[in-house]
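Residues per chain, in single letters:
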Amino acid sequence: MNTKIIIAIDGHASCGKSTLARQMANMLGYTYVDSGAMYRAVTLYFLENGIDYRNKGQMVSALKNINISFRYNEKTEMPETLLNGQVVEKEIRSMKISEMVSPVSAIKEVREFLVEQQKQMGKHKGLTMDGRDIGTVVFPDAELKIFLTSNEKIRAERRFIELHKKGIDATLEEVIHNLESRDYEDSHRITSPLYKAGDAIELDNTNLSEEQQLEFALNLVKEKISEIEKGDN
Ligand code: DC
């Protein structure tokens, strides 16, 4: 498949978007970008540097000092996020950051700052990106858009297990509360709220294994690319 496309994956918190986007990128030889990690890294910077994100002047000038990048960790075989050159993969997943990230990501200037960088990453196509506004704002022309959904209880349990595997402390109740409040805030904010793009394909993975979900999504890619190559699009 020589034709490279942009694959946008959106959905609520913890419904498996990152796993799907990362596995698709591996299979297709694409670049994978976890846009949520970028919002988490900005939040971490604000927290560590005592930036009051409600103070617009202070917040906007702080953004100029933030550099976010990604690299592949050969040992864990996972991508990791760097904030100003430091690996912050574990720090950005903490409950403290999960609690602060929704209000920070609702700020227009923060979104403009990150969306611009995200658009640049898609310049050469061959990209999977997951988040909340990827198919609606970052890549409204993405060739393939997937809107992932999953049963709430299952999402909370998956997140709880994932956090514990990473050595991050949290009770199941805390995880449930955090998912509910983030979903509400992310869907009700004024700038770029989470919603399903009209041309996105909804995929409910409640009863699917990771392998089944990946197979389904890769078939969508195949169909899309063959449509493009036949000139149907
Ligand atoms: O994908 P995640 O759960 O790690 O994302 C953390 C938060 O970042 C999420 O609650 C809302 C915000 N976010 C966003 O506003 N837009 C995106 N494209 C990705 C994440």
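Here we summarise the structure given alongside this text. Everything numeric in this text was worked out from a predicted model, so none of it was measured.

### Quick look at the overall build of the protein
In terms of helices and strands, the protein carries 9 helices and 8 strands. Compactness check: the protein gives a C-alpha radius of gyration of 17 Å against a globular reference of 17 Å for 233 residues, within 12% of the reference. Across its three principal axes, the protein shows a C-alpha extent of roughly 55 × 40 × 35 Å. Buried positions account for 49% of the 233 residues belonging to the protein.

### Comments concerning the site of the ligand
The ligand sits among 15 residues. The nearest are Arg-40, Arg-111, Asp-133, Asp-186 and Arg-189. Taking Ser-35, its side chain carries an N or O atom lying 3.0 Å from a nitrogen atom of the ligand. At the level of elements, α2 (35–48), α4 (95–105) and α8 (172–188) are the ones that each hand at least two residues to the shell around the ligand. At 4 residues, the largest contribution of residues to the shell around the ligand is made by α2. Across the shell around the ligand, the residue classes tally to 3 nonpolar, 5 polar and 7 charged.

### Focus: the packing of helix α7 (residues 152–165) against α8
Here α7 crosses α8 at 120°, and the two axes come no closer than 9 Å. As summarised for this structure, α7 and α8 are arranged oblique, according to the angle between their axes. Note that α7 runs across α8; the crossing there is right-handed. Across the interface between the two elements, Glu-152, Arg-155, Ala-156, Glu-157, Arg-159, Phe-160 and Leu-163 of α7 pack against Leu-172, Val-175, Ile-176, Leu-179, Glu-180, Arg-182 and Asp-183 of α8. By residue class, the composition of the contact of α7 with α8 is 7 nonpolar, no polar and 7 charged.

### Notes on the pattern of salt bridges
In this structure the tally under the stated criterion is 16 salt bridges. One salt bridge connects Asp-52 with Arg-54, and the closest N-O pair in it is separated by 3.2 Å. Given a relative accessible area of 32%, Asp-52 falls into the partly exposed group. In this structure, Asp-199 and Lys-145 form a salt bridge, with 3.0 Å as the shortest nitrogen-oxygen distance. Taken as a pair, Asp-199 in the loop between α8 and β8 (201–204) and Lys-145 in strand β7 (residues 144–149) lie far apart in primary sequence, 54 residues in all. Residues participating in the shared-partner salt-bridge network are Asp-34, Glu-89 and Arg-93.

### Considerations on the environment of Gly-131
Locating Gly-131 in the fold gives a position in strand β6 (residues 127–131). It is 21 Å that separates the C-alpha atoms of Gly-131 and Ser-209, two residues lying 78 residues apart in sequence. Those residues in contact with Gly-131 that sit more than four places away from it in its chain are Ile-9, Asp-10, Gly-11, Lys-17 and Ser-35.

### Notes on the sheet that holds β7
The strand order β2-β6-β1-β7-β8 describes an open sheet built from 5 strands, whose pairing is parallel. A strand with exactly one partner marks an edge of an open sheet, and here the two such strands are β2 (31–34) and β8. Taking each pair of neighbouring strands and ignoring which way they run, the sheet shows an average axis angle of 20°. Here 5 bridges tie strand β1 (residues 6–11) to β6, and the two strands are oriented parallel to one another. Looking at the pairing, Ile-6 lines up with Leu-127 of β6. Together, β1, β7 and β8 form the strand contacts of helix α9 (residues 210–230), whose direction differs from that of β7 by roughly 160°.

### Points about α8
In this model α8 runs 24 Å from its N-terminal to its C-terminal C-alpha over 17 residues, within 8% of the 24 Å that 1.5 Å per residue would give. Among the residues of α8, those classed as buried are Val-175, Asn-178, Leu-179, Arg-182, Asp-183 and Asp-186. For α8, the angular spread of buried residues about the axis comes to 130°, placing them on one side. Along α8, the residues that are exposed and aim more than 90 degrees away from the buried face are Glu-173, His-177, Tyr-184 and His-188. Buried positions along α8 lie against α2, α4 and α7.

What counts as what
- Residues numbered from 1 in each chain as written.
- Predicted model: local features only at pLDDT ≥ 70, side-chain atom pairs only at ≥ 80, totals over all residues.
- Heavy atoms only, no water.
- Helix = DSSP H or I, 4+ residues; strand = E, 2+ residues; numbered from the N terminus.
- Rg over C-alpha atoms; globule rule 2.2 N^0.38 Å.
- Buried < 20%, exposed > 50% of the residue type's maximum accessible area, 1.4 Å probe, protein only.
- Near = heavy atom within 4 Å.
- Polar contact = N/O pair within 3.5 Å; in protein donor to acceptor, adjacent residues only side chain to side chain.
- Nonpolar A, V, L, I, M, F, W, Y, C, P; charged D, E, K, R; others polar.
- Axes fitted to C-alpha atoms, helices over the stretch in contact; angles between N-to-C directions.
- Parallel < 35°, antiparallel > 145°, perpendicular 65-115°, else oblique.
- Left-handed = near helix turned anticlockwise from the far one by under 90°.
- Contact = heavy atoms within 4.5 Å.
- Salt bridge = Lys/Arg side-chain N within 4 Å of Asp/Glu carboxyl O.
- Pairing = 2+ DSSP bridges.
- Expected span 1.5 Å × (residues − 1).
- Arc of directions from axis to C-beta.

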